Amino acid sequence: MCQALAYWANSEPLFFFYAIAIIKQKAKQNWQIYLAACERTKVDSQFLTFIRKLTQLNQENQHQRLIHSLFQEVPHLEEETKQRFRGQIYLFMEMYHHFHSAIWNHYSSTHDLLRSVSLI
């Protein structure tokens, strides 16, 4: 995943920003879900302070506004570029899916997904 993002940052910067916007949105959703799970299992609230701060920063969406304003400045894309981006979107989504599947497969082999820090 990192190699692909590095490639796009160097060769297709516009697509790179698009991919980053998707990752950012998904990360925001994941942190909110993680925070809710921690609160349900009554994880130490001092630990959650930093996660709450992170989700609050994500709610402010400064990055989304920056990416949106960047795309507003882009002139009309020719058909060849659109076709290239369509192929890259498919590739990006496949990689993103496999990335999360690998994480899920790694952590789904344990019965205690949420462990105390002292047990690690």
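Residues take numbers from 1 onward in each chain, read along the sequence in its written order. Where local features are concerned, this predicted model is filtered to residues with pLDDT of at least 70; where side-chain atom pairs are given and counted, the filter is 80 or more; whole-chain, interface and lining totals use all residues. Excluded from the side-chain calculations are hydrogens and water; all other atoms, namely the structure's heavy atoms, are used.

Trainee: Tell me about the packing of helix α1 (residues 2–11) against helix α2 (residues 13–40), and name the residues and values.
Mentor: The geometry of a pair of packed helices is captured by two quantities: the angle between their axes and the separation between those axes. Axis lines are fitted through C-alpha atoms, for helices just across the contact stretch, and the angle between N-to-C directions can take any value from 0 to 180 degrees. Secondary structure counts use DSSP, requiring at least four H or I residues in a row for a helix and at least two E residues in a row for a strand, with both numbered from the N terminus. The geometry of α1 relative to α2 is characterised by a closest axis approach of 6 Å and an angle of 140° between their N-to-C directions. On the basis of their axis angle, the class for α1 and α2 is oblique. Side by side, α1 and α2 meet where Leu5, Trp8, Ala9 and Ser11 of the first sit next to Pro13, Phe15, Phe16, Ala19 and Ile23 of the second. Here the word oblique covers every angle except those under 35 degrees (roughly parallel), over 145 (roughly antiparallel) and from 65 to 115 (roughly perpendicular). Residue contacts follow a heavy-atom distance rule, with two residues in contact if any of their heavy atoms lie within 4.5 Å.

Trainee: Describe a nonpolar patch on the surface, naming the residues involved and giving the relevant values.
Mentor: Excluding any residue in a salt bridge, patches collect residues exceeding 30% relative accessible area, merging like charges within 9 Å and nonpolar Val, Leu, Ile, Met, Phe, Trp and Tyr side chains within 5 Å. Here the Shrake-Rupley method, with its probe set to 1.4 Å, supplies the accessible areas, and only the displayed protein chains count as covering residues. Whenever Lys or Arg places a side-chain nitrogen within 4 Å of a carboxyl oxygen from Asp or Glu, that contact is recorded as a salt bridge. On the surface, a nonpolar cluster with roughly 310 Å² of combined accessible area is contributed by Phe17, Tyr18, Leu70 and Phe71. Counting only elements with at least two residues in the nonpolar patch, the list comes to α2 and α4 (62–72). Among the structural elements, Phe71 can be located in helix α4. Only protein chains enter the accessibility calculation, which uses a 1.4 Å probe. A residue is then buried if its area is under 20% of the maximum for its type, exposed if over 50%, and partly exposed in between. For Phe71, a relative accessible area of 32% puts it in the partly exposed group.

Trainee: I'd like a rundown of the nonpolar core, residues and numbers included.
Mentor: Of all hydrophobic cores here, the largest spans 10 residues; its members are Ala4, Leu5, Trp8, Leu14, Phe15, Ala19, Ile22, Phe85, Phe92 and Tyr96. Of all the elements in the fold, those that place two or more residues in this core are α1, α2 and α5 (79–107). Broken down by element, the residue count for this core peaks at four residues, all from α2. To form a nonpolar core, buried Ala, Val, Leu, Ile, Met, Phe, Trp, Tyr and Cys residues must be joined to one another through side-chain atoms within 4.5 Å.

Trainee: Explain α5 residue by residue, including any values.
Mentor: Since there are 3.6 residues in each turn of an α-helix, residues three or four apart along the chain are aligned in direction. Expected span of a helix, by definition, is 1.5 Å for each gap between consecutive residues, and there is one gap fewer than residues. When the terminal C-alpha atoms of α5 are compared, their 42 Å separation across 29 residues agrees well with the 42 Å that a helix rising 1.5 Å per residue should span. Among the residues of α5, those classed as buried are Thr81, Phe85, Gln88, Phe92 and Tyr96. Contacts made by the buried residues of α5 are with α1 and α2.

Trainee: So what about α2? Which residues, and what values?
Mentor: For α2, with 28 residues, the first-to-last C-alpha span of 40 Å sits near the 40 Å given by 1.5 Å per residue. Taken as a whole, α2 has its buried residues at Leu14, Phe15, Ala19, Ala21, Ile22, Lys24, Lys28, Leu35 and Cys38. Once α2 finishes, Lys42 follows within two positions and takes phi at roughly 60°, a positive value.

Trainee: Before we move on, could you go through the confidence of the model for the chain and cite the residues and values that matter?
Mentor: Looking at the chain, the pLDDT average stands at 80 and 85% of residues meet or exceed 70. pLDDT gives the predictor's per-residue confidence on a scale running from 0 to 100. At the low end of the mean pLDDT range in the chain sits α4, at 71; at the high end sits α1, at 92.

Trainee: Give me the pattern of salt bridges: which residues, what numbers.
Mentor: For the coordinates displayed, the defined rule picks out three salt bridges. The partner of Glu12 in a salt bridge is Arg84, and the shortest N-O contact between them spans 2.3 Å. Here Glu12, found in the loop between α1 and α2, pairs with Arg84, found in helix α5; they are 72 residues apart in sequence, far enough to count as distant. A salt bridge links Glu39 to Arg52, with the nearest nitrogen and oxygen atoms 3.0 Å apart. Here Arg52 lies in helix α3 (residues 45–60) and Glu39 lies in helix α2, a separation of 13 residues in the sequence. Judged by relative accessible area, Arg52 falls into the partly exposed class, the value being 34%.

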